[in-house]
Structure formats: C-alpha cells, structure tokens
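# Chain and residue survey
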Amino acid sequence: MSLFSKKPDYFLGIDFGARSIKAVELEFIKNKSRLVNYGWVNLDGTQEAIDLTSSAESERLQAALASLLQSFKPKSNSVTVSIPSFNGLVLMVDFPIMSEIELAEAIKLESRKYIPAPMEDVNISWEIVKNAQPVKPGMMKVVLVAAPKSEVNYYNNLFLGAGMSVDALELEPFALVRSLIGKDKGKFIIVDIGAKTTSLSLIEGGAVYVNRSLNVGGVNITNAISSSLQIPFTEALQLKESGENFFAGGRNINFDSIKYIAGEIKRIVNSRNGDTLDAVILCGGTARLTGIDGVLSQMTGLRVIIGNPWSHVTYDSSVAQNLEQSTGPAFAVAVGLAERGIEELKSQ
Ligand SMILES: Nc1ncnc2c1ncn2[C@@H]1O[C@H](COP(=O)(O)OP(=O)(O)OP(=O)(O)O)[C@@H](O)[C@H]1O
Ligand SMILES: [Mg+2]
C-alpha cells in the first residue's frame, strides 16, 4: 500500500448531533465488523443541545471535533459523516426500467420536478432499490437524495482543518438501516429521538420509503419534567437520565412531545398499509429513557423495541460493559456510518 493512500482496513463514522458528536471506528476482519474504537464529546455546557445551523456555534463545533479526534486518535484519515435528516431530502421515485447511464441522464433532467430547491444549490445522489415491488411492470423504484451543497462544503472544510477528508456524506436514515436492520427484509419504522429532533423512517425491504423530521426530542422531555416538578432544567436533566421511570404512575407528567411522536408513527402506519409492520425500532439517546418503549407501544398499539446497533459488531469483552451502558441506541447513526465503507468493500 502506498504511503499516501487511504487505509482501507479501517472505517470511521462521525455523527454530528445537537447534544454530542459521536465517533465509531470499525475494521473488517474475518468477514466480521470489529470495533476498533468509539468515543463522543458533549457539546453542552449547561444546556442540553446546541443549534448546529447557527454560525456562532461553528467555532465551538470545530473545537469539540478537534478535542474528540485528539483523544480518539482514529487510524483512518477519511470519514463518513451524517447530515441530519431535516437538512436533506429523501424521495422514492418511480422510473421506467433503464440502464444506470440512462437513469443518470433522466435524473438530471427530472429532479427539478421533485426537489424544491435550485439545482445549483444541491448535491443529488441516487440508487436503484433492488427487491422493491414496482408500481407496475416495467417500472423500478429509485431513491433520490438531495443534500444542500453548503452543507457538503461545510463538512469538507471542517475535516480538512483537521487533516482529514470526507469520504461520503450520508443522510441519517441510511446509516440507521445498516446498523439496526441489516439484511432483514421486513417492514419497520425507525424512530431516532435525539436531543432536539426526532426522525421517523419507514423501511421496507431494507429501503427508506418515507422519512420525516419532527422538531422535538429529549430537550422537550427535560422541559416537561422541569416545569411539572418545578425544578431547574439541569436538575431535571439529571433526573431524566438517572433511569427514573416517569411512566410508572408515581408522577403525573404530561409529555406532549411523546404523544406527538406516537401520533406521527400512527400517521405513517395508516398511510402505508401498516398492519404488516414488524416493529417500531427506537434509537437515539432518548431511547434510553426508562419506559419509553412501553409507553409508545401503548399509545400506538404497535410492537416497539429498542435498537442495538452493536448487535452485529464484535468487540472485546473488556469494553463490553462500558460500551453497552454508556452508548446503547445513541450510537446507531455512527455505527451505520462506519459500516458504509465495509458494505462498499464487501460489494467489490
Ligand atoms: N439515560 C438516559 N435517559 C434518558 N435520556 C437520555 C439518556 N441518555 C441520554 N439521553 C437524552 O438523549 C438526548 C441525546 O440523544 P442523542 O445523542 O441521540 O442526540 P443528538 O444526536 O446529539 O441530537 P439530535 O439528533 O437532536 O441532533 C438528550 O436529550 C439526552 O438527555
Ligand atoms: Mg442524532
């Protein structure tokens, strides 16, 4: 291997969230993904989340990334990065069956129809969905992904400053399919409840059919605890993360944000013949809130499980306890990002 080429043996994924930046590095060994390292850095001072879109926060983000990389010491010098789903657009479009070259041309001509932004401002990538049921014979399904170029440039520059390059930029739902669903061909709704945002994705046969973002997350839950119990925000945050079960009946807190999420899950189910849904899979830091799976199951009447992104990654028993206790479903995006390179390697 040349001294200057990227080391293909290691795969680094970094997830920028409103609460924290999370990093996972994997290697592909003996036909398995093996954990090399994981880490995170919280972006909060006394607050629970920052506004990633604000330019004032940009320097803070850069400093946080630098400190994460310094302690993490990744072996890879390139990275797959996620873009929060509210910044991108995923569309499932029907095209007549044609070659990939023809399709590339057709998409160039037709994406204007589907994407409500000037074409010069967005990066468009696409993929033919294999195994999908066509709307009629002779047609195929294609997933189109549009990401703002400003976002692409922003992350390129951020990593360039750290002496690294961005291999790929990916929308969160695609990473989540890799880490939480894998080869399962069933029908699932993945619900990623972060600090500020909740993203819901309907997955069928491993493809993302619907993706929706809601402006609610753990911060709303902390606020509800704080105002209901009349305690300061930081105390409410601590209490929330302590493992306390707020749904057990002792405290009567009205979590409007959870009702909102349940309502949106039901809307997706109703719009997509959901009686065949296998499960709702929860992830994101807020999936660690004790009892949230039970309460969402009660509200929706659906099977709700908590996703474990480490289930098909091997790791040393010495890190197991720490890994499972301190990360859990919050690392689902980062694991899926790191797995992207492994997927590419396998398909070569
Ligand atoms: N043990 C816990 N119990 C309850 N909530 C928790 C726990 N651990 C973390 N959280 C909550 O999870 C949220 C952070 O989740 P996550 O790391 O997925 O967010 P993020 O990706 O940084 O943010 P976003 O996806 O909104 O940009 C915070 O609101 C935090 O309080
Ligand atoms: Mg997140």
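Worth saying up front: this structure is predicted, and the values here are computed from it rather than measured.

A few words on the sheet that holds strand E12 (residues 279-283). Strand order across the open sheet formed by five strands is E11-E10-E9-E12-E13, with mixed pairing between neighbours. A strand with exactly one partner marks an edge of an open sheet, and here the two such strands are strand E11 (207-214) and strand E13 (304-306). The sheet shows a mean angle of 20 degrees between the axes of neighbouring strands, direction not considered. Where strand E9 (residues 187-193) lies against strand E10 (residues 198-204), seven bridges are found, and the strand directions are antiparallel. Within E10, the residue paired with Phe 188 across the bridge is Ile 203.

Spanning 16 residues, helix H7 (residues 256-271) covers 23 Å between terminal C-alpha atoms, matching the ideal 22 Å at 1.5 Å per step. The set of residues buried in H7 consists of Ser 257, Ile 258, Ile 261, Ala 262, Ile 265, Ile 268 and Val 269. The arc enclosing the buried residues of H7, seen along the axis, measures out at 140 degrees, which places them on a common side. Structural note: H7 exposes Asp 256, Gly 263, Asn 270 and Ser 271 on the side pointing more than 90 degrees away from its buried face.

Counted at 1.5 Å a residue, the expected span for helix H5 (residues 218-229) with its twelve residues is 16 Å, and the 17 Å between its end C-alpha atoms agrees. When we look at burial in H5, the residues that qualify are Gly 218, Val 219, Asn 220, Ile 221, Thr 222 and Ile 225. The inward-facing, buried residues of H5 abut E9, helix H6 (233-240) and H7. Note on H5: the residue one or two positions beyond its end, Gln 230, has a positive phi of about 55 degrees.

Cut-offs applied
Residues numbered from 1 in each chain as written. Chains lettered and ligands numbered in written order. Predicted model: local features only at pLDDT ≥ 70, side-chain atom pairs only at ≥ 80, totals over all residues. Pairing = 2+ DSSP bridges. Helix = DSSP H or I, 4+ residues; strand = E, 2+ residues; numbered from the N terminus. Axes fitted to C-alpha atoms, helices over the stretch in contact; angles between N-to-C directions. Expected span 1.5 Å × (residues − 1). Buried ≥ 20, exposed ≤ 12 C-beta atoms within 10 Å, placed from the backbone. Arc of directions from axis to C-beta. Contact = placed C-beta atoms within 7 Å.

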